[in-house]
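Chain by chain, the residues:
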Amino acid sequence: MPEKEKKLISAQEMQDLKNELNDLKKNSRPEIAQKIKEAREQGDLSENAEYDAARDEQRDIEARISKLEELIENAEVYDESDLKEGYVHLGSTVRVKDLTFDEEVTFHIVGSTAANSLEGKITNESPVGRALMNKKKGNKVKVETPAGVIEYKILEVTRDK
């Protein structure tokens, strides 16, 4: 089986993934096992809605554990000491001027595990994130989108502390 490509994430993202995994294994698994045990003790499992709900919850927890283990295994924590000051990297907040639509937009560049476009968190692997990476204040970038090419000018780059 071919080795999966490593995804760059911050040390904080890695810690968050490990914390969630630990919580699911140490707390959620035993809680759901207890719910299943209690539901079994009620008798006939064929018509036991509590048992079915607990089994569904167990399946969801096990799926999430499996996903987290895969994310952690295929993640690479980037070395922040190698980052050049003033350039866009993972963990940067970038204020840009959208030259196509004449408006300012702020993006927070995160690893793929923390992306949330509704919060302005975009992955370094997205078209906009890829275009902004390793650029600095004053640089212009063009991004190919389904709506056409959008041009941004970088107004400010700040790092999370």
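A quick note: this is a predicted structure, and the numbers were derived from the prediction, not measured.

Rules behind the numbers
- Residues numbered from 1 in each chain as written.
- Predicted model: local features only at pLDDT ≥ 70, side-chain atom pairs only at ≥ 80, totals over all residues.
- Heavy atoms only, no water.
- Helix = DSSP H or I, 4+ residues; strand = E, 2+ residues; numbered from the N terminus.
- Rg over C-alpha atoms; globule rule 2.2 N^0.38 Å.
- Buried < 20%, exposed > 50% of the residue type's maximum accessible area, 1.4 Å probe, protein only.
- Areas by Shrake-Rupley, 256 points an atom, 1.4 Å probe, with all protein chains shown as cover.
- Lys, Arg positive; Asp, Glu negative; His and termini not counted.
- Charge placed at Lys NZ, Arg CZ, Asp CG, Glu CD.
- Pairing = 2+ DSSP bridges.
- Axes fitted to C-alpha atoms, helices over the stretch in contact; angles between N-to-C directions.
- Phe/Tyr/Trp six-rings, centres within 6.5 Å; stacked < 30°, edge-to-face > 60°.
- Expected span 1.5 Å × (residues − 1).
- Contact = heavy atoms within 4.5 Å.
- pLDDT = per-residue confidence, 0-100.
- Polar contact = N/O pair within 3.5 Å; in protein donor to acceptor, adjacent residues only side chain to side chain.

Regarding the overall build of the protein chain
Along the protein chain, the regular secondary structure elements total three helices and seven strands. Each helix and strand of the protein chain, ordered N terminal to C terminal, gives the series β-α-α-β-β-β-β-α-β-β. Computed over C-alpha atoms, the radius of gyration of the protein chain comes to 22 Å, more than 25% over the 15 Å expected from 2.2 N^0.38 for 161 residues, which places it beyond the range of a compact globule. Along the first, second and third principal axes, the C-alpha atoms of the protein chain reach 70 × 35 × 35 Å. By residue count, 32% of the 161 residues in the protein chain fall in the buried class. Of the roughly 10,500 Å² of accessible surface on the protein chain, a fraction of 47% belongs to carbon and sulfur atoms. Counting 27 positive and 35 negative side-chain charges, the protein chain places the averaged centre of each group 7 Å from the other.

Looking at the sheet that holds strand β6 (residues 140–145)
With mixed pairing, five strands are arranged side by side in an open sheet as β5-β4-β3-β7-β6. The strands lining the two open edges of the sheet, one partner per strand, are β5 (121–123) and β6. Averaged over all pairs of adjacent strands, the angle between their axes in this sheet comes to 45°, without regard to strand direction. Here strand β3 (residues 92–98) runs beside strand β7 (residues 148–159); their pairing, made up of seven bridges, is antiparallel. Bridge pairing in β7 links Thr-93 to Thr-158.

With respect to the packing of aromatic side chains
Tallied over the full model, the rule gives one aromatic pair. Note on Phe-107 and Tyr-152: the rings are 5.8 Å apart at their centroids and 90° apart in plane angle, and the pair reads as edge-to-face. Remark: Tyr-152 occurs in strand β7 and Phe-107 occurs in strand β4 (residues 103–110); sequence separation between them is 45 residues. The exposure class of Phe-107 is buried, given its relative accessible area of 11%. By relative accessible area, Tyr-152 is classed as buried at 7%.

Considering the pairing of β3
Of the two faces of β3, only the one carrying Ser-92, Val-94, Val-96 and Asp-98 is buried; Thr-93, Arg-95 and Lys-97 on the other face are not. With six bridges joining them, β3 and β4 adopt antiparallel strand pairing. Of the residues in β4, the one forming a bridge with Thr-93 is His-108. Taken together, β3 and the strand that follows it, β4, pair antiparallel across an intervening segment of four residues, in which Asp-102 is found at a positive phi of about 50°.

Section: helix α1 (residues 11–40)
Over its 30 residues, α1 extends 42 Å from the first C-alpha to the last, a length consistent with the 44 Å expected when each residue adds 1.5 Å. Of all the residues in α1, the buried ones are Glu-13, Met-14, Leu-17, Leu-21, Leu-24, Ser-28, Ile-32, Ile-36 and Ala-39. Check the buried side of α1 and you find it contacts β1 (7–9), α2 (49–73), β2 (75–77) and β4.

Some remarks on the confidence of the model for the protein chain
Should pLDDT be low for a region, the predicted coordinates there are not to be read in detail. Per-residue pLDDT for the protein chain has a mean of 87; in total, 93% of the residues score no lower than 70. Per-element averaging of pLDDT across the protein chain places β1 at the bottom with 81 and β3 at the top with 93.

Side note on α2
An ideal rise of 1.5 Å per residue puts 36 Å on 25 residues; α2 measures up with 36 Å between its terminal C-alpha atoms. Looking at α2, one finds that the buried residues are Tyr-51, Ala-54, Ile-61, Ile-65, Leu-68 and Ile-72. Buried residues along α2 sit against α1 and β2.

Some words on the side chain of Asn-124
Its place among the elements puts Asn-124 in the loop between β5 and α3 (127–132). For Asn-124, a relative accessible area of 11% puts it in the buried group. At 3.3 Å, the side chain of Asn-124 forms a polar contact with the side chain of Thr-123. Asn-124 has contacts with Leu-8, Leu-90, Ile-109, Val-110, Gly-111, Ser-112, Gly-129, Arg-130 and Met-133, leaving out every residue within four places of it along the chain.

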